[in-house]
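Architecture at a glance
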Amino acid sequence: MTRVSALACTAALGLGACQSHGKKDEGGNAEAGDAGSPDGRSAPAKDDRIPAISGSAVGLQPGYLEGALMSASWRAGAMQEVLQSLPMSPREAKDLAEIGMVLGADPRVDDVLAHLGIDPNARISMSARPVVTWVAELQQAVATDSPALRELREHARGGHHEYDDVIEEIPSQQIEPVPTPEPAVVPLSPAAVALDRKAKSLGMHVRVHVPIASPGKLDHLISLTNQQLQSPKWATTCAALGPVRACGGQSDGVVVLRDVPGGLQVDLLLAFTGDYEHPDDEFRRAAIQQALAAPAVSAAPTLAALRGDGVLLVDGPNTVTLLQAAALSRAVRSLTDDYDDGEWAQHLRERSDVITRLHETERMFEGVSVELQLDGDSAVATGKWLPTALGRQRMAEVFELTKIDADVPSVAALCDGALICGRSRGLPDRKRFASLATGIYADPELLQRSLDRHENDGAAVLFLETWPNAIGTLARLPGNTIKPPESFVVQNVIDVTSRVLGAGFSIRSLHEARHTVTGDWVGYARMSAADLSAVTGFLQMVDSRLSPASIPEVPGRVEFTPIPDNEVPGNFYAIYDPSAATGDWGWAALADSDDRVRWLAGLAHDDGAAPLLYLEIGDLWRLVASFDEGRRELGFAQSWLSRRWVRGQVNLGEGGAPEVRMAMGKLD
């Protein structure tokens, strides 16, 4: 207890640490071409390694549906170029060759678009919307365990038959065995049949619009498609739709191809649950007829403003509607399955409740958008979270970053010549998010259990809408989840981590031999000297004692201890800078050896203010080839991967909302 108390006191010394300080070397340790300010401040960090997307807005496209949960479009020619440039394994090449035999053109080398009569500069567009016509009625039936639902459940499990009560248990030796009569099948009532079919009609409607420059060139492919789709299961619906190019489906969906002005339209109705005996009923028939009549979106400013060769927008609330409907449909199906013991049905009902509770809160965001721009071997993509009205009001309050002068190695210094590198300027104060932790987000244990049991649905809602609320949950930790004295230690670890000014790493090389990874690497976290002392205190608690180290090229006091991991040999270093007018500062560093610490100390510095987070792989093949399995599995792609880099970063974009940029290209 004495050790824990002392550690808590030591960590508390850093509570007043500033997020800004001057350079320790007033002679300037700036990046080439940038000098530090006359007052000793670091040079401003550059944010020039990933360009912004430029160009005109795409506008609304024919395949965009009203009420869609997802809308996307892409320039046909750009996508063909990308697909033909990607490396393929022998198996993938064989599969693509078989597709080419059907198309009449080899997708690997031929101009498939010209063969099919598609203008390479035109855009193929698509969208998907939830089909939830009967959701309210089904929710009521499940909530009240309606008579129709009980009838379905009893029918699936055998029901009650008139002979059940008259069969007596008679010793087998007294009578000759007689055949057991088959139970009489009692027909379902119209209400029960309707409820079952309404549940099976819930699903998703997908529309794809393909612009056609030369209509006749697609006739052969459409004819083959129609032959594959045709099925007596959907004969009634297909006959009632009027002129179509192709129509048919399976137990869980139907596809319809029609000519429309300027191109070909594909509509797919996909149900959440299949009906192998009667897929084509009046409810699904009505759903596909409504789908064919569904209008294109007429006003969607955010969607229309997207730019690039490929664009995507995912709507959060409509995605939640789809997830809830899928859970409801499968819950009804589970309740009426004769092999279900009730536990799975309860799980599905709970799933719907969890989705609702995750969604129904003060949300900062309501979806994401992605823009992609291609130029030969280069590609740039930007992903943005779309703010709600509340989000626009509170964006600065929640995400605004404190100005810093962390005096850390620049991104260029860390990354030029590196295999993998990265840098972060420190995260927004998690306490800013605390007010968002309401409802399920106010209970860390309940949130964790819910996400563990329904991780896919939970991940979708958090990613699209409520991840700031989850950060608010973290602001409540440790709370009651951990008891004293351990909670004091956890709280101090969280406090120290939250005050880190910046962190970065640079892996110059990697080598794997006999399950041991070696290489040239270093990573650091920039913090106050008081917080660094707290970190060394944490290490002492796990019996890692630091010893003095003599590295003349590194100014200040240096201590080290070996990393207790034989698979990744290296050392932890505590580096205390010489005292400065702005305070006492230091570095917590991990490195393979003293030489890499010397290298880190000699790098050019800036203020570390941007970007919020940056990651880079300098050469994909060098990384893959560092591991035996990578060379074996991806050897076929060596020429494509060689000298190809990938970069990604997180920034605060227009309006203060987070945005992600990614880029890929080839080294000159």
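Here's what I pulled together on the structure shown here.

Secondary structure assignment for the protein yields 23 helices and 21 strands. The burial tally for the protein puts 48% of its 668 residues in the buried class. A separation of at least 24 residues holds for 73% of the contacts in the protein among residues at least 6 apart in sequence. In the structure as shown, the protein presents an accessible area of about 33000 Å², 56% of it carried by carbon and sulfur atoms.

Let us now look at the state of the cysteines. Counted by the stated rule, this structure contains two disulfides. The disulfide partner of Cys-238 is Cys-247, and the gap between their sulfur atoms is 2.0 Å. Across the disulfide from Cys-238 to Cys-247, rotation about the S-S bond amounts to roughly -80°, and the bridge is consequently left-handed. This pair shows no difference in class: Cys-238 is buried, exactly as Cys-247 is. Shown here is the disulfide that connects Cys-415 with Cys-421, its sulfur atoms set 2.0 Å apart. In this structure the cystine formed by Cys-415 and Cys-421 twists about its S-S bond by roughly 105°; its chirality is therefore right-handed.

Another point: the packing of helix α16 (residues 444–453) against helix α17 (residues 455–474). Two elements in contact, α16 and α17, have axes whose closest approach is 10 Å; the angle formed by their N-to-C orientations is 160°. With respect to α17, the axis of α16 lies roughly antiparallel. Handedness of the crossing formed by α16 with α17: left-handed. Contacts between α16 and α17 pair Pro-444, Leu-447, Leu-451, Asp-452 and Arg-453 from the former with Glu-455, Gly-458, Leu-462 and Thr-473 from the latter. Split by residue class, the contact of α16 with α17 holds four nonpolar, two polar and three charged.

Sheet faces and side chains relate simply in a regular strand, where the side chains alternate between the two faces. Counted residue by residue, strand β2 (residues 123–131) has nine buried out of nine residues, so it is predominantly covered. The pairing of strand β1 (residues 70–75) with β2 spans six bridges and is antiparallel. Within β2, the position partnered with Ser-73 by the bridge is Ser-125. Pairing between β2 and strand β3 (residues 203–211): seven bridges, direction antiparallel. Paired with Ala-128 across the two strands is Val-206, which belongs to β3.

Turning to the packing of aromatic side chains, a few remarks are in order. Going through the model one piece at a time under the given rule, you end up with ten aromatic pairs. With 6.1 Å between their ring centres and 45° between their planes, Phe-365 and Phe-399 make a pair best called tilted. With Phe-365 in strand β8 (residues 365–375) and Phe-399 in helix α14 (residues 389–399), this pair connects stretches of sequence that are 34 residues apart. With respect to class, Phe-365 is no different from Phe-399; both count as buried. Here Phe-399 and Phe-433 contribute two aromatic rings whose centre-to-centre distance is 5.4 Å and whose plane-to-plane angle is 90°, an arrangement assigned as edge-to-face. Highlighted residues: Phe-399 in helix α14 and Phe-433 in the loop between β11 (420–424) and α16, separated in sequence by 34 residues. Residue classification places Phe-399 among the buried positions, given a relative accessible area of 4%. According to the relative accessible area criterion, Phe-433 is buried, its value standing at 2%. The structure contains a cluster of three or more aromatic residues connected by ring pairs, namely Phe-365, Trp-385, Phe-399, Phe-433, Phe-463 and Trp-467. Positioned over the ring face of Trp-134 is Lys-198, at 4.3 Å from the centre of the ring. The ring of Tyr-576 has Arg-557 lying over it, and the distance from NZ or CZ to the ring centre is 4.1 Å.

Right, let's talk about the pattern of salt bridges for a bit. Under the definition given, this model contains 30 salt bridges. Note that Glu-282 and Arg-197 form a salt bridge whose closest N and O atoms lie 3.4 Å from each other. Separated by 85 residues along the polypeptide, Glu-282 in helix α10 (residues 282–293) and Arg-197 in helix α7 (residues 190–201) bring together distant segments of the chain.

At a minimum axis distance of 10 Å, the contact between helix α5 (residues 135–144) and helix α12 (residues 316–335) shows a crossing angle of 50°. Taken together, α5 and α12 sit at an angle that is classed as oblique. As for the relative orientation of α5 and α12, their crossing is left-handed in sense. Residues Val-135, Leu-138, Gln-139 and Val-142 of α5 touch α12, and the partners they reach there are Ala-325, Leu-328 and Val-332. Looking at side-chain class alone, the contact of α5 with α12 contains six nonpolar, one polar and no charged residues.

The end-to-end C-alpha separation of α10 is 17 Å, in line with the 16 Å expected for twelve residues at 1.5 Å each. Listed as buried for α10 are Phe-283, Arg-284, Ala-287, Ile-288, Ala-291 and Leu-292. Those residues of α10 that are buried are in contact with β2, α7, β3, α9 (235–240), β5 (253–260) and β6 (263–271). Between the side-chain oxygen of the N-cap and the backbone nitrogen of Phe-283 there are 2.9 Å, and the N-cap of α10 in question is Asp-281.

Of note, Glu-400 is situated in the loop between α14 and β10 (408–409). In the structure, Glu-400 is positioned 32 residues away from Arg-432 in sequence and 9.1 Å away in space, judged by C-alpha atoms. Non-local contacts of Glu-400, meaning those with residues more than four positions away in its chain, are made with Met-395 and Arg-432.

To continue, consider the nonpolar core. If you look at the biggest cluster of nonpolar residues, it comprises 36 residues, and the most contacted ones within it are Met-70, Leu-138, Leu-195, Met-364, Phe-365 and Phe-399. Counting only elements with at least two residues in this core, the list comes to β1, β2, α5, α6 (147–156), α7, α12, β8 and α14. Once you skip the residues sitting within four places of it in the chain, Phe-365 turns out to touch Trp-385, Leu-386, Pro-387, Thr-388, Met-395, Phe-399, Leu-464, Glu-465, Trp-467, Pro-468, Ala-657 and Pro-658.

Attention now goes to the side chain of Glu-616. Turning to its location among the elements, Glu-616 is positioned in strand β19 (residues 613–617). Of the polar contacts made by the side chain of Glu-616, one reaches the side chain of Arg-49; its length is 3.0 Å. Once residues within four sequence positions are removed from consideration, Glu-616 is found in contact with Arg-49, Cys-415, Leu-419, Ile-420, Cys-421, Val-646 and Arg-647.

Moving on, we come to unusual backbone geometry. The residue after Ala-610, namely Pro-611, is reached through a cis peptide bond having omega -10°. With a phi angle near 50°, Asp-145 is a residue other than glycine that sits in the positive phi range. Turning to its location among the elements, Asp-145 is positioned in the loop between α5 and α6. Despite not being glycine, Arg-643 shows a phi value in the positive range, around 65°. Inspection of the secondary structure puts Arg-643 in the loop between α23 (638–641) and β20 (644–652). According to the relative accessible area criterion, Arg-643 is partly exposed, its value standing at 41%.

Quick notes on the rules
- Residues numbered from 1 in each chain as written.
- Predicted model: local features only at pLDDT ≥ 70, side-chain atom pairs only at ≥ 80, totals over all residues.
- Heavy atoms only, no water.
- Helix = DSSP H or I, 4+ residues; strand = E, 2+ residues; numbered from the N terminus.
- Buried < 20%, exposed > 50% of the residue type's maximum accessible area, 1.4 Å probe, protein only.
- Contact = heavy atoms within 4.5 Å.
- Areas by Shrake-Rupley, 256 points an atom, 1.4 Å probe, with all protein chains shown as cover.
- Disulfide = S-S within 2.5 Å.
- Axes fitted to C-alpha atoms, helices over the stretch in contact; angles between N-to-C directions.
- Parallel < 35°, antiparallel > 145°, perpendicular 65-115°, else oblique.
- Left-handed = near helix turned anticlockwise from the far one by under 90°.
- Nonpolar A, V, L, I, M, F, W, Y, C, P; charged D, E, K, R; others polar.
- Pairing = 2+ DSSP bridges.
- Phe/Tyr/Trp six-rings, centres within 6.5 Å; stacked < 30°, edge-to-face > 60°.
- Lys NZ or Arg CZ within 6 Å of the ring centre and 35° of its normal.
- Salt bridge = Lys/Arg side-chain N within 4 Å of Asp/Glu carboxyl O.
- Expected span 1.5 Å × (residues − 1).
- Polar contact = N/O pair within 3.5 Å; in protein donor to acceptor, adjacent residues only side chain to side chain.
- Core = buried A, V, L, I, M, F, W, Y, C linked by side-chain atoms within 4.5 Å.

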